[in-house]
Amino acid sequence: MSHSIDIASTTSKHQFKVLVVDDTQVNLDLISSALKDLYEVHTAISGEFALKCLLSHEIDLILLDIMMPGMTGFELCKILKNDVRYSDIPILFLTAKNDESSISKGFSLGANDYITKPFRYTEVIARIKIHLDLKLAHDHLKQNLEALISQQKIEKLEQANERLLNERKLMQSQKME
C-alpha cells in the first residue's frame, strides 16, 4: 500500500529551505534527490560547512547526521540551539545511531526529532512536513505576539501622552486663575 504525503498546505505558500548535513556524499545526494521537488535543498558535508551555509541562507529546517569527523552533529546542534539567530530552526537528526543514550542526548541538546537509518522516505517527508508546519505556526504566533506587544506599548504611550496633556491643561488653567 502506497502512502502519499500532502504537502500542498505548506509548499504552496512558502518555498521552504532544508539544509541536509552529512559527511557522506552519497547520503547527501540520495536525500537531496528525494526532497528536491518539495523543498529548496542545501547540503553541507560537515558541521563547519553547515555553519557557513547558515550565514548565507535562511534555512527553515535542518536534517543532521551525528557521526561526522571534526564537528559532530551533537556539537553542531548545541551551537545552533545556543545561538538566537538559529535556535528556532527545527533540527531533525537523521542517523544510524539508534541507541537510547544517543537518542536521549539528541533531544536534550534541543533536537526536534530523531530518525534512525535506514529510514523510509515517506516517514522523513512526513516528519519534515510536520516540523515545518509547526515552525510556520510558531513564527505566526511570534509575529502576532510582537504585534500585540507593540500595540500595547503604543496604547500605554498614548495614555501617558493624554495624561500629560491633561496635566498641562490643568496647570495652564490654574495659572489663569
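As a reminder, the structure under discussion sits directly above these lines.
## What to know about the packing of aromatic side chains
- A complete count under the given rule lists 4 aromatic pairs for this structure.
- Relative to Tyr114, the ring of Phe93 lies with its centre 5.9 Å away and its plane at 55°, an arrangement referred to as tilted. Placement of the pair is Phe93 in strand 4 (residues 91–95) and Tyr114 in strand 5 (residues 113–116), with a sequence separation of 21 residues.
- Between Phe119 and Tyr121 the ring centres are 5.2 Å apart and the planes differ by 90°, which places this aromatic pair in the edge-to-face class.
- According to the relative accessible area criterion, Phe119 is partly exposed, its value standing at 21%.
- An aromatic cluster of three or more residues is present, and its members are Phe74, Phe93, Phe107 and Tyr114.

## Quick look at the packing of helix 2 (residues 25–35) against helix 6 (residues 121–176)
- The geometry of helix 2 relative to helix 6 is characterised by a closest axis approach of 11 Å and an angle of 65° between their N-to-C directions. Considering the angle they form, helix 2 stands roughly perpendicular to helix 6. Helix 6 is crossed by helix 2, and the crossing has right-handed handedness. From helix 2, Leu30, Ala34 and Leu35 reach across to helix 6, where they touch Tyr121, Ile125 and Ile128.
- Of the residues in the contact of helix 2 with helix 6, the class split is 6 nonpolar, no polar and no charged.

## Thoughts on the pairing of strand 5
- Where strand 4 and strand 5 come together, 4 bridges link them in parallel fashion. Considered in strand 5, the bridge of Phe93 is made with Tyr114.
- For the crossover from strand 4 across helix 5 (residues 100–108) to strand 5, the handedness is right-handed.

## Observations concerning the pattern of salt bridges
- In the structure shown here, the tally under the stated rule is 9 salt bridges.
- Residue Arg120 is joined to Glu123 by a salt bridge in which the shortest nitrogen-to-oxygen separation is 3.2 Å.
- The exposed category is assigned to Arg120, whose relative accessible area is 56%.
- Taking the shortest distance from any N to any O, the salt bridge between Glu123 and Arg127 comes out at 2.8 Å. Within this pair, Glu123 and its partner Arg127 are both found in helix 6, separated by 4 residues, close to a single helical turn.
- The exposure class assigned to Glu123 is partly exposed, which follows from its relative accessible area of 22%.
- We classify Arg127 as partly exposed; its relative accessible area is 24%.
- Through salt bridges with shared partners, a single ionic network connects Asp113, Arg120, Glu123 and Arg127.

Cut-offs applied
Residues numbered from 1 in each chain as written. Predicted model: local features only at pLDDT ≥ 70, side-chain atom pairs only at ≥ 80, totals over all residues. Heavy atoms only, no water. Phe/Tyr/Trp six-rings, centres within 6.5 Å; stacked < 30°, edge-to-face > 60°. Helix = DSSP H or I, 4+ residues; strand = E, 2+ residues; numbered from the N terminus. Buried < 20%, exposed > 50% of the residue type's maximum accessible area, 1.4 Å probe, protein only. Axes fitted to C-alpha atoms, helices over the stretch in contact; angles between N-to-C directions. Parallel < 35°, antiparallel > 145°, perpendicular 65-115°, else oblique. Left-handed = near helix turned anticlockwise from the far one by under 90°. Contact = heavy atoms within 4.5 Å. Nonpolar A, V, L, I, M, F, W, Y, C, P; charged D, E, K, R; others polar. Pairing = 2+ DSSP bridges. Right-handed = clockwise from strand over helix to strand, strands pointing away. Salt bridge = Lys/Arg side-chain N within 4 Å of Asp/Glu carboxyl O.

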